[in-house]
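# Reading the structure
If you want the building blocks of each chain, they are given just below.
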Amino acid sequence: TASGVGQITLKRGDEVVVSNKANEEWWYVFCGGKQGWFPSAFLLDKSLIKEPEKFKVIANYTAESEQELAAKKGEIVLITDQTSNPEWWFGVIGGREGWIPVSFLKKL
């Protein structure tokens, strides 16, 4: 909820047009006839979102921590995050999820 002069209140799912990114923490946006400053940390650039993609595991991978995804050669992984780290991607196999090295994956 906007609490300052010139700020705008948005709800989850609102689509905005950003007109000013001069301040890293607050951007000036337009939304449905309203305009004002909004915290940039709560805005998501939809152009950075990729649809999940399927990859095949090309060699067995043993997870070394709880955050990693163990995988067997031939399993199919649904990769949901390719942008956070260029060497590790986040994926799902069945009900399990975690980080797996890119070098163990081949795009289907």
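Residues numbered from 1 in each chain as written. Predicted model: local features only at pLDDT ≥ 70, side-chain atom pairs only at ≥ 80, totals over all residues. Heavy atoms only, no water.

With respect to topology, five strands assemble into an open sheet ordered S7-S6-S5-S4-S8, the strand pairing being antiparallel. At either margin of the open sheet sits one strand with a lone partner, and together these are strand S7 (96–101) and strand S8 (105–107). Strand-to-strand twist in this sheet, taken as the mean axis angle between neighbours without regard to direction, amounts to 45 degrees. Here strand S4 (residues 53–57) runs beside strand S5 (residues 76–81); their pairing, made up of four bridges, is antiparallel. Note on S5: the bridge partner recorded for Lys54 is Leu78. (Pairing = 2+ DSSP bridges. Helix = DSSP H or I, 4+ residues; strand = E, 2+ residues; numbered from the N terminus. Axes fitted to C-alpha atoms, helices over the stretch in contact; angles between N-to-C directions.)

The sheet contact formed by strand S2 (residues 26–31) and strand S3 (residues 34–39) spans six bridges and is antiparallel. Within the sheet, the bridge partner assigned to Cys31 lies in S3 and is Lys34. Here S2 folds back onto S3 in antiparallel fashion, the turn holding two residues, of which Gly32 has a positive phi close to 50 degrees.

Turning next to the packing of aromatic side chains. Each aromatic ring pair is specified by the distance between its two centres and by the angle formed by the two planes. For the structure on display, the rule yields six aromatic pairs. Between Tyr28 and Trp37 the ring centres are 5.1 Å apart and the planes differ by 75 degrees, which places this aromatic pair in the edge-to-face class. You can call Tyr28 partly exposed: its relative accessible area is 21%. Judged by its relative accessible area of 29%, Trp37 is partly exposed. Clustering of aromatic rings is evident, with ring pairs tying together Tyr28, Phe30 and Trp37. It is Lys21 that lies over the ring of Trp27; its NZ or CZ is 4.6 Å from the centre. (Phe/Tyr/Trp six-rings, centres within 6.5 Å; stacked < 30°, edge-to-face > 60°. Buried < 20%, exposed > 50% of the residue type's maximum accessible area, 1.4 Å probe, protein only. Lys NZ or Arg CZ within 6 Å of the ring centre and 35° of its normal.)

Across the protein, the average pLDDT comes to 90, with 96% of residues at or above 70. Mean pLDDT per element in the protein: strand S1 (residues 17–20) is the minimum at 90, and S8 is the maximum at 97. (pLDDT = per-residue confidence, 0-100.)

Turning our attention to the nonpolar core. Counting eleven residues, the largest nonpolar core consists of Phe55, Val57, Tyr61, Leu69, Ala71, Val77, Ile79, Trp89, Ile93, Ile100 and Leu105. When residues of this core are traced back to their parent elements, those giving at least two are S4, S5 and strand S6 (88–93). If near-sequence neighbours (up to four positions away) are discounted, Ala71 is found in contact with Val57, Ala59, Asn60, Tyr61, Ile93 and Ile100. Ranked by size, the runner-up nonpolar core spans six residues in total, among them Leu10, Trp27, Cys31 and Phe38. (Core = buried A, V, L, I, M, F, W, Y, C linked by side-chain atoms within 4.5 Å. Contact = heavy atoms within 4.5 Å.)

Bringing the environment of Val77 into the picture now. With respect to the element layout, Val77 can be found in strand S5. For Val77, a relative accessible area of 0% gives the class buried. Through-space distance from the C-alpha of Val77 to that of Val18 is 35 Å; in sequence the pair is 59 residues apart. Leaving out residues up to four positions away in the same chain, Val77 has contacts with Glu53, Lys54, Phe55, Val57, Leu69, Gly91, Val92, Ile93 and Leu105.

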